[in-house]
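For reference, the chains in residue letters:
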Amino acid sequence: MINLSEFSIFFIANWKLNGNLSFIKEYTQLLKVNSSNGNCVVICPTAIYLNNFKQNEGNYYLGAQDISKYETGAFTGEISSKSLNEFGVNFCIVGHSERRQYFNEKNEDVKEKATKLLENEIIPIICVGETLEEKKNNSTLDVISNQILKGIPSESNEQNTIIAYEPIWAIGTGLTPSIEEIDIIHQSIRKINNKISNYKIIYGGSVNAKNSHDIISLSDVDGALIGGASLKIDDFNKIIG
Ligand code: PEP
């Protein structure tokens, strides 16, 4: 299993339901990963393409966007952590707000999925974040605390689990919290409990080539989860460069 403490900054590319074979071929030819600077770049395509990346592997790691909470059995359409491990996948996003919103994923599901991932030596990237309404109600920290306390398994620690703070209202909208707000919320997340105070906590939500530097320069931000901008190879190269 990868030891997270070996890296300083994480860049996780979440392709969502985008990409195809020719896109992958061009993307991997143009992708410029500098592995000597302590950066960890993870590409998360749709599961069916994971193996195509393996064939082209460069200085980046592979991640899945979701996983079954089941290991084996009569669960049509599911993919297990064990099979991800067989394909050399090192990371997996869990509890993304789109999974919570469109597929009714609950904190308890997130915990079960993360547990299965850890059992199979895969790093869970556990997503948390508030809606705009929750932000307006000043309940951001309550929402995140609940997601963290209920969604992170006891087997997790700072070397094997990443937390991604993603305000839902910032995902795919072009809106972001201010740099000061990101700084404060990341500091506050670390204080939710002692166990997570030294976790790698990355920020996600409309990260792009213009704002990424300021965001990842914050001392309590350990990287970024990037959706839309990770599909534009020139922008993504600038973000990870
Ligand atoms: C995401 O998908 O997690 C995300 C942050 O998307 P975007 O960068 O497009 O806001």
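First, a word on scope: everything that follows refers to the structure included in this document. (Residues numbered from 1 in each chain as written. Predicted model: local features only at pLDDT ≥ 70, side-chain atom pairs only at ≥ 80, totals over all residues. Heavy atoms only, no water.)

What follows concerns the nonpolar core. One recurring pattern in soluble globular proteins is that nonpolar side chains are buried together. Among the nonpolar cores identified, the biggest contains 54 residues, and Leu31, Ile43, Leu84, Ile148, Ile189 and Phe236 are the most heavily contacted of them. Those residues in contact with Ile148 that lie beyond four places of it in its chain are Val128, Ile163, Ile189, Ile192 and Ile196. Formed by 17 residues, the second largest nonpolar core is a distinct cluster that contains Phe7, Phe10, Val42 and Cys127. (Core = buried A, V, L, I, M, F, W, Y, C linked by side-chain atoms within 4.5 Å. Buried < 20%, exposed > 50% of the residue type's maximum accessible area, 1.4 Å probe, protein only. Contact = heavy atoms within 4.5 Å.)

Turning our attention to the packing of aromatic side chains. What the rule picks out here adds up to 11 aromatic pairs. Taking the centre distance of 6.0 Å and the plane angle of 65° together, the rings of Tyr61 and Phe91 count as edge-to-face. Residue Tyr61 is found in strand 3 (residues 61-64), and its partner Phe91 is found in strand 4 (residues 91-94); the two are separated by 30 residues along the sequence. One aromatic cluster is present, built from ring pairs that chain together Trp15, Phe23, Tyr27, Phe53, Tyr60 and Phe236. Directly above the ring of Phe103 sits Arg99, whose terminal nitrogen or CZ lies 4.0 Å from the centroid. (Phe/Tyr/Trp six-rings, centres within 6.5 Å; stacked < 30°, edge-to-face > 60°. Helix = DSSP H or I, 4+ residues; strand = E, 2+ residues; numbered from the N terminus. Lys NZ or Arg CZ within 6 Å of the ring centre and 35° of its normal.)

Let us look at the side chain of Ser80. Checked against the element boundaries, Ser80 lands in the loop between strand 3 and helix 3 (81-86). When neighbours within four sequence positions are excluded, Ser80 is seen to be in contact with Ile67, Tyr70 and Glu71.

Counting across every chain of the model gives one cavity of 30 Å³ or more. Contributing to the lining of the largest cavity are Gly95, Ser97, Arg100, Cys127, Val128, Gly129, Gln147, Glu166 and Ile168. Among the residues forming the lining of the largest cavity, the class breakdown is three nonpolar, four polar and two charged. (1 Å grid on protein atoms, 1.4 Å probe; cavity = no way out; pocket = protein on both sides within 12 Å on 5 of 7 lines; lining within 4 Å. Points joined across faces, edges and corners; volume = space filled by probe spheres on them. Nonpolar A, V, L, I, M, F, W, Y, C, P; charged D, E, K, R; others polar.)

Here we take up the pattern of salt bridges. Per the counting criterion, the structure on display carries 12 salt bridges. For Glu71, the salt bridge is made with Lys82, and the minimal N-O distance between the two is 3.8 Å. Here Glu71 is found in the loop between strand 3 and helix 3, whereas its partner Lys82 is found in helix 3, with 11 residues between them in sequence. The class of Glu71 is partly exposed, set by a relative accessible area of 31%. (Salt bridge = Lys/Arg side-chain N within 4 Å of Asp/Glu carboxyl O.)

A few words on the site of the ligand. Taken together, 14 residues are adjacent to the ligand, and Lys16, His96, Glu166, Gly172 and Ser206 come closest. The contact in question runs from an oxygen atom of the ligand to an N or O atom on the side chain of His96, over 2.8 Å. The contact in question runs from an oxygen atom of the ligand to an N or O atom on the backbone of Gly172, over 2.6 Å. Looking at the shell around the ligand residue by residue, the class counts come to four nonpolar, eight polar and two charged. (Near = heavy atom within 4 Å. Polar contact = N/O pair within 3.5 Å; in protein donor to acceptor, adjacent residues only side chain to side chain.)

Given a rise of 1.5 Å per residue, 12 residues ought to cover 16 Å, and the 16 Å separating the end C-alpha atoms of helix 7 (residues 140-151) matches this to within 8%. Looking only at helix 7, the buried set comprises Thr140, Val143, Ile144, Ser145, Gln147, Ile148 and Gly151. Structurally, helix 7 contributes buried residues whose contacts are with helix 4 (97-102), helix 5 (107-119), strand 5 (123-128), helix 6 (132-136), strand 6 (162-165) and helix 8 (179-190). (Expected span 1.5 Å × (residues − 1).)

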